[in-house]
Amino acid sequence: MSSVPVIDLSQPSESAIAELDTACREHGFFLITGHGADALIERTWQETARFFDAGPAVTEPLRRNADNPMGFFDRELTKRKRDHKAVFDYLDPTTEARDAFNRWPANLPGFRGTMQDFHVEFTALAHRTLALLHHVLELGTESQSKMTFDPINSTVRLNHYPVGDPVPESERAGLTELGETALGYHTDPGVITLLLQDSTGGLQTQARDGEWLDVPPTPGTIVVNLADAVQVQTNDRWRAAVHRVVPMTSERRFSIPYFANPSRHCTISPLPELAETPRYRSFDWSEFMAARTADNFADLGAEDAQITDYLVNLTN
């Protein structure tokens, strides 16, 4: 069995479902095929490269700030170290109230339309993927309604990992030092993440025994990783994927995650049918998310919030 199994989303076999459950227990990563999005994915790759190749005249007017985290950024921190990447983030473009926060380039015709199509298609794929996970867990209707996500609170990120520092040398004075990895080890805070990665490679996930496993690029697949909310809801049966990206040494890398997030004020807690003895106390996802991302702009002198902060002391 592959350590990171490939599941045909259009027709998953029973053996594939068993492999999926094992992967979700061990590290939280699997790949899906049978998604039917190949043409859109190719178009999205082209627009992503076009955006990051456009240069400061296009990216600087879109630079994000503490008031609005959408847009372009090239000096984000993970685990108090600076990432080796530049990013572009956006919310659901089909919802006017959400799109108001998006920063779109004014002189890249076709870019916004492709990103809107991508958000719509990957919202549908996230729903299909979650339905498969519900089936594996044999969840009832009520629990399925809790292990879900809200498209208007779900974001897309375009990642560009260059060879070397993403910040021009003339702008590096006073910045936090680069991390040892291109993206430091972490988990995603939402429900699931659907990830496109190009052929460059570099993504790794950590198994329960601490070993780092490569998640190799596989043509035609979409990477899926479990996020924090699912680990809590399954009461540690499944793992939020701990993952990192190693530095680029010879060629740049692009990746595109769709973060399927809970609704803003959703309460996250273990599902009763999976948690006779809950290991976590309930928490408001928006408060967790705010604490989790507070140090993206500056080193606040402490690690960011984690779901372990909500563990119940079961020794009493």
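Structure: above.
Attention now moves to the layout of surface pockets. Computed from the structure, the second largest pocket encloses a volume of approximately 280 Å³. Residue lining of the second largest pocket: 17 residues in total, with Gln-197, Thr-218, Pro-219, Gly-220 and Thr-221 positioned closest to the centre. Mapped onto the lining of the second largest pocket, the elements with two or more residues apiece are α2 (38–53) and β9 (192–197). Top element by residues in the lining of the second largest pocket is α2. It accounts for four residues. Partitioning the lining of the second largest pocket into residue classes produces nine nonpolar, five polar and three charged.

With mixed pairing, the eight strands of this open sheet are ordered in space as β1-β2-β12-β9-β14-β7-β6-β3. The open sheet has two edge strands, β1 (6–8) and β3 (71–73), and neither has a second partner. Strand-to-strand twist across the sheet, computed as the mean angle between neighbouring axes with direction ignored, equals 25 degrees. The pairing of strand β2 (residues 29–33) with strand β12 (residues 222–226) spans four bridges and is classified as antiparallel. What sits directly across from Leu-31, in β12, is Val-223.

Before going further, it helps to examine the sheet that holds strand β10 (residues 203–206). In space, the four strands of this open sheet follow the order β8-β13-β10-β11, with antiparallel pairing throughout. Only two strands of the sheet have a single partner each, and these edge strands are β8 (183–186) and β11 (212–214). Each strand axis lies, on average, 25 degrees off the axis of its neighbour in the sheet, ignoring direction. When β10 meets strand β13 (residues 243–245), the two strands line up antiparallel, connected through three bridges. Within β13, the position partnered with Leu-203 by the bridge is Val-245.

Cut-offs used in this document
- Residues numbered from 1 in each chain as written.
- Predicted model: local features only at pLDDT ≥ 70, side-chain atom pairs only at ≥ 80, totals over all residues.
- Heavy atoms only, no water.
- 1 Å grid on protein atoms, 1.4 Å probe; cavity = no way out; pocket = protein on both sides within 12 Å on 5 of 7 lines; lining within 4 Å.
- Points joined across faces, edges and corners; volume = space filled by probe spheres on them.
- Helix = DSSP H or I, 4+ residues; strand = E, 2+ residues; numbered from the N terminus.
- Nonpolar A, V, L, I, M, F, W, Y, C, P; charged D, E, K, R; others polar.
- Pairing = 2+ DSSP bridges.
- Axes fitted to C-alpha atoms, helices over the stretch in contact; angles between N-to-C directions.

Everything listed is a geometric property; what it means functionally is a separate question.
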